[in-house]
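Read off the chains here:
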Amino acid sequence: MTDAKQAIFAAIRKTLPAPAPAPTIAAELSQLRARINATRPDRVSGPADEVFLERVQSPGVAATAERINSFDEFPAAVMRYAVRHNLGLDIALQPHPDLATLNWSGCQTHDHIGTDETLAVGLALGGIAETGSLIFHSSQISPTLFAFLPLHHIVAIPYKNIWPWMEDYVASFAGKSPPRNVNFVTGASGTTDIEGALVRGAHGPGWLHIVVVGSPGL
Amino acid sequence: MNAFQGRVTAALADPTLKTAIDRTTNTARSKRAAAIAAWPEFAQARELGRDMKDHVIANMEYYLTMFEANAVKTGAKIHWARTGQEACEIVVGICKAAKAKSVTRSKSMLGEEIGLPHALEAAGIERVETDLAEHIIQLAGETPSHIIWPALHKTREQVGELFRAHHTDPGELATVEEMVSSARRNLREKFMAADVGISGANFLIADTGAICTVTNEGNAELTTTPPRVHIVTAGIEKLVPSMVEAMTMLRLLVRSATGAELTQYTTFHAGPKQPGDVDGPEEFHIVLVDAGRTTMLAEGLAEMLRCLRCGACMNHCVVYRQIGGHAYGATYPGPMGSVITPSLDGLETSQDLPRACTLNGQCHEVCPVAIPLPTLIRGWRTKAWVQGYEPLHTAWALRIWEFFALRPVLYQLASNLALRIMPLFAKGGWISKMPLAGGWTRYRDMPIPQGGSFLAQYKKRQAAK
Ligand code: SF4
C-alpha cells in the first residue's frame, strides 16, 4: 500500500469503524436496490421502441427520427437526409460489418472519421426508451470519435435493442468486463454556457438523426 | 471592511453582474421546476439518492478497495493523493513522463479546487480548457463563478469581446450561435493535437472500476479519446456501488442541474484502449484525491460528502443571486460552498461565508440528495461563535439583543419605540436611508413597518378569539 493510500484509509478509520463484513454490506445494498423501481419516472408505458421514438423527438432530446422496415433501406434513408440538409454524399461510415455489407452506391464512403467531418453514419449497440439515449460500446467496429466529431450524425438502431429503462440496459451487461467507453448519447451536442441560451453543435454533432430499423409487427 | 465585504460591495456595484446572474439562474430554476413537476416520484428518489450516498460513505473503505481492484483490472493505473498539492504533483509528473506539451482539460470542479490549472501552467504545459464556459474564463484569466456554468457572470457582449480578441477568424459574433461556432472552430485542432487529456469524474463505479463523466457539449470524450494519455482526478467520495446506482444518481443530478432528463453525453470510461480498439488513450490514470474529504468526515460533515455538484442550491440562493460566485472568494460558491470552504480553508479565513445566508431553507429543499445545508451552515456559525471569530460589533450587537430578549418588558418598549421612529425616515412609503441601517438601504429600500409589533398583534388576535 502506498503511503498516501495508507494515510487516507487511516483517516477514514479514525471516524468510521472497520468495514462491515461483505455480506452485510451486500444485504444493505440490495435493500436500497429494491426501492429503485418505485422512484423511476413513469415514462415507459408502451412498447419500448415506440416510447424511444417519441422521446428522441421530444423537445428535451430534439433529435430527428424515422423508422424503416429493414436494414437494406438504410442507405436510402441516409441519402434522403443528405438531400434534405444539402449535404454532399461523402460519408464517414462506421467500420461495422453490418454497415459495410449494405449497398452504398451513389455515395462515397470512408471508414475513418476526420476532425471536421460533415456527415458520419453509424450503428448503435442499442438505445434506452426512458431517456431517448443511444448506446455505443467502443470497439474495433465502433470507434468512439464517430459519435463526437461529425457535424451530422445519422445512426441506425435495431428496434429489438431498445431497453425500456436505464437499469435494463445495465442488467444486460452486468458481470461482463466493460469496454473502454460506454457512451449514452441523448440528442445532439449543446451548450447553455452563454447566458443560459441553448445552442446546438457545441463540440459534438449539431444534428442527430436516428433511424429505427424494423418493428415488432414485421 | 474585510476582504469578503470588499468583494460583496464590488459585486453589488457591478452594473452587469446581476443581469448576467439572473439570465442563467432564472432559466435554470424554471427548467428544474418543470423537470421535477414531471417526476412525481422525485421525493422518493431523493431519499433513495441520499441513502445510497450515505451507504457508500459509511462503507467508503470497502468500496474504495473494490473500485481500485476493478479499475486495475481494466488496465487503469491508480494513484492516491492526500492533498491537492500531492494530486497536482502526480498529474504534472504523469504529463512530464509523457513529454506532454499540450493538455486538454474537461471541466472538473475538483481540478479547480486543487489548483490544477495553475500547477500545469507553472510546469510550462499548455493548458486548453475545452468546456465552453471554462474556455471563456481561461481567455478572461478568471476563475469559475458557478459550478455548472463557470462563466455565468459574463454577458454575451463580454464573451463577444473576448472571442474577438483571442479567436482566429471569429466572424461577426453577433449572436450566441456565432460565438459557439467560433469556439468550436478554434478548439477543434487543439482536441486532436493534445498529448494528455484530463477529466474529472462524476461517479466512480466500484464494481467495474469505470469512471463516469457527464457533459452536454461532448468535450469530455473529445478530451479523453484522442490524446495518448487520459488522467482522471476524482474525489474519494464520488463512489457508487455499481452502474445501477449511478442511474438513480444521474436522474437526480441532471434534472437538478439543468432540468434535462439526461445530459447529451454520459460516458463510462474504463481503462485505456483495448486490443482492436480504433481510438482511445494508451495510458489511463486515476488520481484518487482526499484533499479534506476525510477531515469533513471527522468534523461531522459526512452529509456534505453526498454532494453531486449539481448547483441547484446556488441557483435558488437569494444571497448567491445577488452577489454571484466570485464574492465568495473560494472554489465552491453558494450554500454548498459555505459549508465546504470553512472545512477546506479553515474557519478563521472563511467565517464570513456561513454568515452570508438567510437560512431560508430553499437550498435544502432543492438539494437532490437532501443535504441539510442550513443546519450545517448553522453549525459553522456556532463554531465561529465558540471560537471567538465573531467580529466585535456583531458580538456586541448580539449581546445587546440578548439583554433585551431576556427582559420582555424592555424588549417590547424598545421595539415599540423603533416602530414609531422608523416612519420618520420614510419617503413615499419606503425607507431609503436610516441611521444604523446603511448596510441594508444602500442596495434596497425598506418598507415602513405596518401595524403594531408582532406581540401587540398577537395579543389582539388572541383577545378576538
Ligand atoms: S449541496 Fe445539494 S444542491 Fe448543492 S450542489 Fe451539492 S447536491 Fe447540488
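Residues numbered from 1 in each chain as written. Chains lettered and ligands numbered in written order. Predicted model: local features only at pLDDT ≥ 70, side-chain atom pairs only at ≥ 80, totals over all residues. Heavy atoms only, no water.

S.K.: Got a minute to help me understand the sheet that holds strand E10 (residues 283-289) of chain B in this structure?
M.R.: For sheets, the rule is that strands pair by backbone hydrogen bonds, running either parallel or antiparallel. Residues and elements named next belong to chain B. Spatially, E1-E10-E7-E4-E2-E3 is the arrangement adopted by the six strands of the open sheet, whose pairing is parallel. Single-partner strands in this sheet number two, and they are strand E1 (77-81) and strand E3 (126-129). The average angle at which neighbouring strand axes cross in this sheet is 20°, direction not considered. Bridge count for strand E7 (residues 229-235) against E10 is seven bridges, and the pairing is parallel. Each residue of the ladder has a partner; that of Val232, found in E10, is Ile286. (Pairing = 2+ DSSP bridges. Helix = DSSP H or I, 4+ residues; strand = E, 2+ residues; numbered from the N terminus. Axes fitted to C-alpha atoms, helices over the stretch in contact; angles between N-to-C directions.)

S.K.: For this particular structure, what's the right way to read the pattern of salt bridges?
M.R.: When the charged atoms of two side chains with opposite charge come close together, those side chains can pair. Counted under the stated rule, the structure contains 30 salt bridges over all chains. Ionic pairing is found between Glu167(A) and Arg251(B), a salt bridge with its closest N-O pair at 2.8 Å. Of this pair, Glu167(A) sits in helix H6 (residues 166-173) while Arg251(B) sits in helix H12 (residues 243-257), which puts the two residues in different chains. For the pair shown, Glu167(A) and Arg251(B) are each scored as buried. Note that Arg105(B) and Glu112(B) form a salt bridge whose closest N and O atoms lie 2.8 Å from each other. Among the residues examined, Glu112(B) registers a relative accessible area of 15% and is labelled buried. Within this structure, Arg105(B), Glu112(B), Glu121(B), Arg127(B) and Glu129(B) form a network of salt bridges that share partners. (Salt bridge = Lys/Arg side-chain N within 4 Å of Asp/Glu carboxyl O. Buried < 20%, exposed > 50% of the residue type's maximum accessible area, 1.4 Å probe, protein only.)

S.K.: Sorry if this is basic, but what is going on with the sheet that holds strand E1 (residues 64-68) of chain A here?
M.R.: Residue and element names in this part refer to chain A. What the six strands build is an open sheet, ordered E1-E12-E7-E4-E2-E3; its pairing is parallel. Edge strands, defined here as strands with exactly one partner in the open sheet, are E1 and strand E3 (108-110). Each strand axis lies, on average, 25° off the axis of its neighbour in the sheet, ignoring direction. As judged from the five bridges shared by strand E4 (residues 119-123) and strand E7 (residues 152-158), these two strands associate in the parallel manner. Looking at E7, one finds that Gly122 is bridged to Val155.

S.K.: Could you clarify how one ought to interpret the interface of chain B and chain A in this entry?
M.R.: Interface size, as often reported, equals the accessible area lost upon joining of the parts. Taken together, the 97 residues of chain B in the interface contact 76 residues of chain A. Summed over both sides, the interface between chain B and chain A buries roughly 7300 Å², with carbon and sulfur atoms accounting for 60% of that surface. Three residues, Glu61(B), Arg184(B) and Arg251(B), lead the burial of chain B against chain A; their summed loss comes to 10% of the area buried on that side. On inspection of chain B and its partner chain A, the count reaches ten salt bridges. For Arg156(B), the salt bridge goes to Glu195(A), with nearest N and O atoms at 2.7 Å. Where chain B packs against chain A, one counts 40 residue pairs in polar contact (both at pLDDT 80 or more). (Contact = heavy atoms within 4.5 Å. Buried area = accessible area lost by both parts, 1.4 Å probe. Polar contact = N/O pair within 3.5 Å; in protein donor to acceptor, adjacent residues only side chain to side chain.)

S.K.: Hey, could you run me through the domain arrangement of chain B in this one?
M.R.: When cut into domains, chain B gives domain 1 (41-293) and domain 2 (392-464). Here the C-alpha centroids of domain 1 of chain B and domain 2 of chain B sit 50 Å apart. (Domains from an automatic or database assignment.)

S.K.: Help me understand unusual backbone geometry, please; the structure alone is not making it clear to me.
M.R.: Glycine aside, negative phi is the norm for most residues, and most peptide bonds take the trans geometry. Residues and elements named next belong to chain A. With a phi angle near 60°, Asn86 is a residue other than glycine that sits in the positive phi range. Inspection of the secondary structure assignment puts Asn86 in the loop between helix H4 (74-84) and strand E2 (90-93). Under the relative-accessibility criterion, Asn86 is labelled exposed at 73%.

S.K.: Would you take a moment to explain H4(A) for this structure?
M.R.: All names here are of chain A. Looking only at H4, the buried set comprises Phe74, Pro75, Ala77, Val78, Tyr81 and Ala82. Seen along its axis, H4 keeps its buried residues to an arc of 160°; they face one direction. For H4, the exposed residues lying more than 90 degrees away from the buried face are Val83 and Arg84. Each element contacted by the buried residues of H4 is listed here: E1, E2, helix H5 (97-100), E4, E7 and strand E12 (207-213). Taken from the residues just after H4, Asn86 is the one with a positive phi, measuring 60°. (Arc of directions from axis to C-beta.)

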